[in-house]
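Structure assessment
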Amino acid sequence: MSDARVITAGGALPADAPAPATPRRVPHRGGAENPSVAALRAQFGGAIGRSEVVWGETTAFVARERLLDVVRWLHADPHQRYDYLVDVTAVEFRDAGQPLQVVWHLRSLPHRRFLRLKVELAPEGPLSVPSVVPVYQSADWLEREVYDMFGIGFDGHPDLRRILMWEQYREGHPLRKDFPLRGRFSRSEQLRQALAANPEAHYSMNELTVAEAFGDLPRDVQERLAAGERTGE
Amino acid sequence: MGLTPVPATGGGGASVALDAPNSEGWIATRLDFLVNWSRANSLWPMPFGTACCGIEFMATAASKYDLARFGMEKMGFTPRQADVLICAGRVPLKLAPVLRRIYQQMPNPKWVISMGACASTGGMFDTYAVVQGIDTIIPVDVYVPGCPPRPEALMYGIMLLQKKVMGERLRNDATRPDVEPDPTSRLYIPPSRIDELSEPFGNSVHQTRSAP
């Protein structure tokens, strides 16, 4: 984002780097650690907790307060250049007292590296982490999904709403361990609440994205929307 | 040639037979029969495919099984020009108001086929997110079991629906009851019945609503 240079995959590798090959006989635990972790320790010191290598993939635990700095640095530093946010997700363990984990999967296309960042959240503490949307635009919907399913807040997210369940959903966050598989309400109550939702609501001018794209819409659509018409009728 | 109606022998209603001696150029039949015959043989489907049953429905509609043989040539991807809603696949609760809106947008007369285990009962998706049978939100005429049903099973369901259409009487509402939803809950099955049917069964204590 800060550097407009076009970088092709593998372009930042030295000229004498070996040709990429499919890894063979990757050990379950151990093996070569992603060099980015050592660089992170040198840069951020105590903010980087333990790290582990599982199936050839490196995981680094990061302090919650420094997460946005760490991600920003990983994205911008010319020796790291993690330009692709693969996924944002979260894990809750069955054992009581185990902290929740929020997980970021980062990939550096120029350096051919994969790095997994984790932040641990105490279940009783505030469930919130910094949003990485300022660095990766693609984190928008991923963070909304984590919020919807786990109830973890993302500070600084531009539009933190439910994304899979409808916005009026009242039963909680379905992927939490204390959420019953069939939901909290009775079946008839679930149906009644679901049917009360207006299927047109997402295509109205109230929807943020439509309002933002209003200027790009064809003129006739603009006029119809401005007159209050709902689509699909 | 002359065609005269043959009296109904079972529940199927009248049919038309060739009256050889009176081979004039006229047909005598009941209006019921004519209307039902034309309706049953031009059921335009509104495919509502949400899952793997939708794939099987596409196979049914494609050349090998060829739904067009049943007069279902035109897939109405708009409910306004459709007669039979074929709900193929599981319906999430978030989609329930959409499915009901689509059903309401279809012109009368209209029929519904619930294709597959998930659409009929929720199937194995006994979870917080899935409607446990679309008959709770719209009336259903034919249930096709299977996971997913083979094209033959869907065609058998369609032929059953055609038989049902042929049995309808314009003057007799009992053959085509107009199902109205419950006025307070707007559900087609009483809420108490829905809760009773969806209670946990067996010893799966981890699936009850009260379990932590």
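Residues numbered from 1 in each chain as written. Chains lettered and ligands numbered in written order. Predicted model: local features only at pLDDT ≥ 70, side-chain atom pairs only at ≥ 80, totals over all residues. Heavy atoms only, no water.

1. What to know about the packing of helix α1 (residues 31-40) of chain B against helix α5 (residues 151-166) of chain B
Residues and elements named next belong to chain B. In contact at an axis separation of 8 Å, α1 and α5 are set at 160 degrees when each is read in the N-to-C sense. What the angle tells us is that α1 and α5 run roughly antiparallel. By crossing handedness, the relation of α1 to α5 is classed as right-handed. For the pair α1 and α5, the contacting residues are Phe33, Asn36, Trp37, Arg39 and Ala40 in the first and Gln162, Val165 and Met166 in the second. The class makeup of the residues in the contact of α1 with α5 is five nonpolar, two polar and one charged. (Axes fitted to C-alpha atoms, helices over the stretch in contact; angles between N-to-C directions. Helix = DSSP H or I, 4+ residues; strand = E, 2+ residues; numbered from the N terminus. Parallel < 35°, antiparallel > 145°, perpendicular 65-115°, else oblique. Left-handed = near helix turned anticlockwise from the far one by under 90°. Contact = heavy atoms within 4.5 Å. Nonpolar A, V, L, I, M, F, W, Y, C, P; charged D, E, K, R; others polar.)

2. A word on the pairing of strand β2 (residues 57-62) of chain A
All names here are of chain A. Taking burial as the measure, the six residues of β2 include five buried ones, the bulk of the element. Here strand β1 (residues 48-54) runs beside β2; their pairing, made up of five bridges, is antiparallel. Bridging from a neighbouring strand, Glu52 pairs with Thr59 of β2. Here β2 runs beside strand β5 (residues 113-121); their pairing, made up of four bridges, is parallel. Bridge pairing in β5 links Ala60 to Leu117. (Buried < 20%, exposed > 50% of the residue type's maximum accessible area, 1.4 Å probe, protein only. Pairing = 2+ DSSP bridges.)

3. Remarks on the packing of helix α1 (residues 35-44) of chain A against helix α2 (residues 67-76) of chain A
Residues and elements named next belong to chain A. Where α1 contacts α2, the axes come no closer than 11 Å and their chain directions differ by 125 degrees. With respect to α2, the axis of α1 lies oblique. With respect to the hand of their crossing, α1 and α2 are arranged in right-handed fashion. Counted together, Ala39, Leu40, Gln43 and Phe44 of α1 and Asp69, Val70, Trp73 and Leu74 of α2 form the full contact between these two elements. The class makeup of the residues in the contact of α1 with α2 is six nonpolar, one polar and one charged.

4. A look at empty space enclosed by the protein
Under the criterion given, the structure shown has two cavities of 30 Å³ or more. Of the voids in this model, the largest cavity is the one considered here, and its volume is about 50 Å³. Looking at the largest cavity, the residues that line it are A:Arg187, A:Gln190, A:Leu191, B:Leu93, B:Val130, B:Val131, B:Gln132, B:Thr136 and B:Ile194. Of all the elements, helix α4 (residues 187-196) of chain A adds the most residues to the lining of the largest cavity, at three residues. Of the residues in the lining of the largest cavity, the class split is five nonpolar, three polar and one charged. (1 Å grid on protein atoms, 1.4 Å probe; cavity = no way out; pocket = protein on both sides within 12 Å on 5 of 7 lines; lining within 4 Å. Points joined across faces, edges and corners; volume = space filled by probe spheres on them.)

5. Focus on the sheet that holds strand β6 (residues 111-115) of chain B
Residues and elements named next belong to chain B. Taking strand neighbours across the sheet as the criterion, the four strands line up as β4-β5-β6-β7 in an open arrangement whose pairing is parallel. Each having just a single partner strand, β4 (45-49) and β7 (142-144) make up the two edges of the open sheet. For this sheet, the mean inter-axis angle between neighbouring strands, taken without regard to orientation, is 15 degrees. In this sheet, strand β5 (residues 84-88) lies alongside β4 in parallel orientation, the contact comprising five bridges. The partner of Pro47 across the bridge, within β5, is Ile86. Running at roughly 160 degrees to β5, helix α3 (residues 96-105) makes contact with β4, β5 and β6 of the sheet. Along the sheet, α5 contacts β5, β6 and β7; its crossing angle with β6, the most-contacted strand, is approximately 155 degrees.

6. Topic: the packing of aromatic side chains
Taken as a whole and assessed by the stated rule, the structure comprises three aromatic pairs over all chains. Look at A:Phe44 and A:Trp73: their rings are 5.8 Å apart centre to centre, the planes differ by 80 degrees, and that puts the pair in the edge-to-face class. Taken as a pair, A:Phe44 in helix α1 and A:Trp73 in helix α2 lie far apart in primary sequence, 29 residues in all. An identical accessibility class is assigned to A:Phe44 and A:Trp73; each is buried. Centroid distance A:Phe179 to B:Tyr128: 5.3 Å. Interplanar angle 80 degrees. Geometry classified as edge-to-face. Here A:Phe179 is found in the loop between β7 (153-155) and α4, whereas its partner B:Tyr128 is found in the loop between α4 (116-121) and β7 on a different chain. Comparing A:Phe179 with B:Tyr128, the two get one shared label, buried. Looking at A:Arg50, its charged tip hangs above the ring of A:Phe61, at a distance of 3.9 Å from the centre. Between the NZ or CZ atom of B:Lys110 and the centre of the ring of B:Tyr103, over which it lies, the distance is 4.2 Å. (Phe/Tyr/Trp six-rings, centres within 6.5 Å; stacked < 30°, edge-to-face > 60°. Lys NZ or Arg CZ within 6 Å of the ring centre and 35° of its normal.)

7. Some points on the interface of chain B and chain A
At the interface, 32 residues of chain B touch 30 residues of chain A. Taken over both partners, the interface formed by chain B and chain A buries close to 2600 Å², and the fraction arising from carbon and sulfur atoms is 60%. One salt bridge connects A:Arg187 with B:Asp126, and the closest N-O pair in it is separated by 2.8 Å. Seen at the junction of chain B and chain A, the total is six residue pairs in polar contact (both at pLDDT 80 or more). (Buried area = accessible area lost by both parts, 1.4 Å probe. Salt bridge = Lys/Arg side-chain N within 4 Å of Asp/Glu carboxyl O. Polar contact = N/O pair within 3.5 Å; in protein donor to acceptor, adjacent residues only side chain to side chain.)

In short, shape yes, function no, at least from these values alone.
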